[in-house]
Amino acid sequence: MIKFKDFKFSAIFLSFTILIILFLHFGGWKLYPVYGSFLFQDWMYIYDYWACLERPDKTPESIKEFCHSVKNANFVYPRRWQVFALNIENRELFKNLIFIFIITYIWICTNILKKYNLKYLIFFLFSPVSILILQRGNIDLIIIFLTYLFYVQFKNKKFFYTLIPYSLSILLKIYTVALLPLYYFFKEHNKNMFMFFLICLSLILLFIIDLDLLLSNYNKAGLTLAFNSAVLFKIFNQLTNYNLNYQFISIFFILILFLISLFNKVKLPKIDKKYEISFLIGSSIIVSSFFLNEGFVYKLIFLIFVLPLIIEYKRKISTTNFLFLISSIFLSLWIEYLTFIYEIIFDLNLDELKQKKIINLKNFFYGVIVMLKNFFYWNLNILLIFISTKILIRQN
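Residues numbered from 1 in each chain as written. Predicted model: local features only at pLDDT ≥ 70, side-chain atom pairs only at ≥ 80, totals over all residues. Heavy atoms only, no water.

Enquirer: Break down the overall build of the chain for me, citing the residues and quoting the values.
Expert: Within the chain, the regular secondary structure consists of 20 helices and zero strands. Here the C-alpha radius of gyration of the chain, 22 Å, is about what a compact globule of 396 residues would show, namely 21 Å. Overall, the C-alpha framework of the chain stretches about 55 × 55 × 45 Å when taken along its three principal axes. By the burial criterion, 52% of the 396 residues in the chain qualify as buried. The contacts of the chain with a sequence gap of at least 6 include a subset with a gap of at least 24, amounting to 79%. A total accessible area of about 20300 Å² is found for the chain, and carbon and sulfur atoms account for 65% of it. Measuring between centres, the 40 positive side-chain charges of the chain sit 13 Å from its 22 negative side-chain charges. (Helix = DSSP H or I, 4+ residues; strand = E, 2+ residues; numbered from the N terminus. Rg over C-alpha atoms; globule rule 2.2 N^0.38 Å. Buried < 20%, exposed > 50% of the residue type's maximum accessible area, 1.4 Å probe, protein only. Contact = heavy atoms within 4.5 Å. Areas by Shrake-Rupley, 256 points an atom, 1.4 Å probe, with all protein chains shown as cover. Lys, Arg positive; Asp, Glu negative; His and termini not counted. Charge placed at Lys NZ, Arg CZ, Asp CG, Glu CD.)

What follows is the structure, given as structure tokens:
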């Protein structure tokens, strides 16, 4: 017998799936700051790159120009993704495969937020970050699926089963290695032996993906769609002609923030452990990506794991504090509109700005807005570090 709550979940999931697919198909994404030229371009990059190299005679005319550029460019993802491309000859079939992960992503978001007010799901699924990852068909859609599998097994203390999604996700995208420390705090029996095994496994996986080559080839963010601590330091370097080592400074900042959080006397309310585990998973990926990478806003999609704990805090903390936490999350998801609208109103040419680096009033205010946007990102990461540290202290 189908229960009413199951029917309600299915209806919401199906409704949002149809709505989002229609939204993508009819170009609703063009109203968003996605800066994409065509649908699923990140996903098709995987296929087109290897098709250009391995099957040049069968590539369609529409990607001939892309094939020409491939000859002098390295593949920006781990080579494991080559398997997806070379075993499927039909380009259209490969393109449609991303719908499996789009639908899975919608199901995960709906399932995680199903017990809360529908507004949270709406504002999350239709945020610029969410639409961006869907429009691009970015491979983080697969990583978030593996991370959800990791979470389900981890919260049930099936730690050996977590090794499957953990290992697969590292082979596909390196940043999920940030989940490794969680085992230390939550594994109760044979902790030292398990951690030794896990560290060895992680090192082997990093060796397999050829870490040095990957770090030298990955696509680094500029100003648009950037989500990393280096942006503010890059702006400082550009304005002052100084050469700050922003990698070192970022590591220094993350250590300082952890120490401040560690010795801060503020106590957080205790919530069901499954919400705290979910929060730590999302926080680990987001914070490590922000401080140790020069990546894009895609990582903010892992805020879906952070949200349940924050919403649960609503009944445990003051209204002011709750509104501050929840607004910090959703402003980070929507803040990309700030620069996007400015670019439209003032007809800003980003390519010209990068090449000529002309300093005028229009470009100056654009820089101020970029800095403001990144202050919101810094605020988010400081909050994530603070809450994560408090949870881990209590757990240990």
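This is not the end of the story, as more comes after the structure.
Enquirer: Quick rundown of the environment of Pro56? Include the residues and the values.
Expert: Within the fold, Pro56 resides in the loop between helix H2 (41-54) and helix H3 (64-70). Beyond its immediate chain neighbours, meaning those up to four positions away, Pro56 contacts Ala51 and Lys64.

Enquirer: Outline the packing of aromatic side chains, listing residues and values.
Expert: Using the criterion set out here, one finds 46 aromatic pairs in the structure. Ring centres of Tyr47 and Phe94 lie 5.1 Å apart, and the angle between their planes is 40 degrees; this geometry places the pair in the tilted category. You can see Tyr47 sitting in helix H2 and its partner Phe94 sitting in helix H5 (residues 91-112), a full 47 residues away along the chain. Judged by its relative accessible area of 4%, Tyr47 is buried. Among the aromatic residues, those joined into a ring-pair cluster are Phe16, Phe23, Tyr32, Tyr35, Tyr120, Phe123, Phe126, Phe330, Trp334, Tyr337 and Phe340. Just above the ring of Phe9 sits the side chain of Lys114; from NZ or CZ to the centre is 5.7 Å. The ring of Tyr120 has Lys119 sitting right over it, with the charged end atom 5.5 Å from the ring centre. (Phe/Tyr/Trp six-rings, centres within 6.5 Å; stacked < 30°, edge-to-face > 60°. Lys NZ or Arg CZ within 6 Å of the ring centre and 35° of its normal.)

Enquirer: So, helix H15 (residues 273-292): which residues are in play, and what are the values?
Expert: Here H15 is 20 residues long and its end C-alpha atoms lie 28 Å apart, about the 28 Å a rise of 1.5 Å per residue gives. Here H15 lies mainly inside the structure; 17 of its 20 residues are buried. (Expected span 1.5 Å × (residues − 1).)

Enquirer: Explain the packing of helix H14 (residues 246-263) against H15 residue by residue, including any values.
Expert: Running from amino to carboxyl end, H14 crosses H15 at an angle of 140 degrees, the nearest separation of the two axes being 8 Å. Classified by the angle their axes make, H14 and H15 are oblique. On H15, the residues touching Ser250, Ile251, Phe253, Ile254 and Leu257 of H14 are Val287, Phe291 and Leu292. Among the residues forming the contact of H14 with H15, the class breakdown is seven nonpolar, one polar and no charged. (Axes fitted to C-alpha atoms, helices over the stretch in contact; angles between N-to-C directions. Parallel < 35°, antiparallel > 145°, perpendicular 65-115°, else oblique. Nonpolar A, V, L, I, M, F, W, Y, C, P; charged D, E, K, R; others polar.)

Enquirer: I'd love a proper account of the nonpolar core, names of residues and values included.
Expert: Counting 129 residues, the largest nonpolar core has Trp43, Tyr105, Phe124, Tyr183 and Ile310 as the members making the most contacts within it. Those residues in contact with Tyr105, other than ones at most four positions away along the chain, are Phe124, Leu125, Ser130, Leu134, Leu141, Ile144 and Ile301. Core analysis: the next-biggest nonpolar cluster, separate from the first, contains nine residues, Ile235, Tyr342, Tyr366 and Ile369 among them. (Core = buried A, V, L, I, M, F, W, Y, C linked by side-chain atoms within 4.5 Å.)

Enquirer: How would you summarise a nonpolar patch on the surface if you had to cite specific residues and measurements?
Expert: A cluster of nonpolar side chains, contributed by Phe248, Phe252, Phe253, Ile256, Leu259, Ile260, Leu262, Phe263 and Ile393, occupies part of the molecular surface with about 880 Å² of accessible area. At eight residues, the largest contribution of residues to the nonpolar patch is made by H14. With respect to the secondary-structure elements, Phe252 resides in helix H14. (Patch = residues over 30% accessible without salt bridge, like charges linked within 9 Å, V, L, I, M, F, W, Y side chains within 5 Å. Salt bridge = Lys/Arg side-chain N within 4 Å of Asp/Glu carboxyl O.)

Enquirer: Outline the confidence of the model for the chain, listing residues and values.
Expert: Per-residue pLDDT for the chain averages 86, and the proportion of residues at 70 or more is 91%. For the chain, per-element mean pLDDT is lowest for helix H12 (residues 211-217), which scores 53, and highest for helix H16 (residues 303-312), which scores 97. (pLDDT = per-residue confidence, 0-100.)

Enquirer: An account of the pattern of salt bridges is needed here, citing residue identities and associated values.
Expert: Oppositely charged side chains may form a pair once their charged atoms are brought near each other. Inspection of the entire model under this criterion finds eight salt bridges. Across the salt bridge formed by Asp140 and Lys173, the nearest N and O atoms sit 3.3 Å from each other. Within this pair, whereas Asp140 is found in helix H8 (residues 140-155), its partner Lys173 is found in the loop between helix H9 (159-172) and helix H10 (180-186), the two being separated by 33 residues in sequence. Per residue, the accessibility class of Asp140 equals that of Lys173, and both read buried. Each of the salt bridges in this network shares a partner with another, and the network as a whole consists of Lys115, Glu312 and Arg315.

Enquirer: Can you lay out the environment of Ile260 for me, pointing to particular residues and giving the numbers?
Expert: Mapped onto the secondary structure, Ile260 falls in helix H14. With a relative accessible area of 51%, Ile260 lands in the exposed category. Residues Ile260 and Phe386 lie 126 residues apart in sequence; the distance between their C-alpha atoms is 8.3 Å.

Enquirer: Mind laying out the environment of Leu180, listing which residues take part and the relevant values?
Expert: Assignment of secondary structure puts Leu180 in helix H10. Apart from the residues within four sequence positions on either side, Leu180 is in contact with Tyr166, Met195, Leu198, Ile199 and Ser202.

Enquirer: Explain H16 to me, using residue names and the numbers behind them.
Expert: Here H16 lies mainly inside the structure; 10 of its 10 residues are buried. Taken as a whole, H16 has its buried residues at Leu303, Ile304, Phe305, Val306, Leu307, Pro308, Leu309, Ile310, Ile311 and Glu312. Contacts made by the buried residues of H16 are with H5, helix H6 (118-125), H8, H15, helix H17 (319-334) and helix H20 (361-395).

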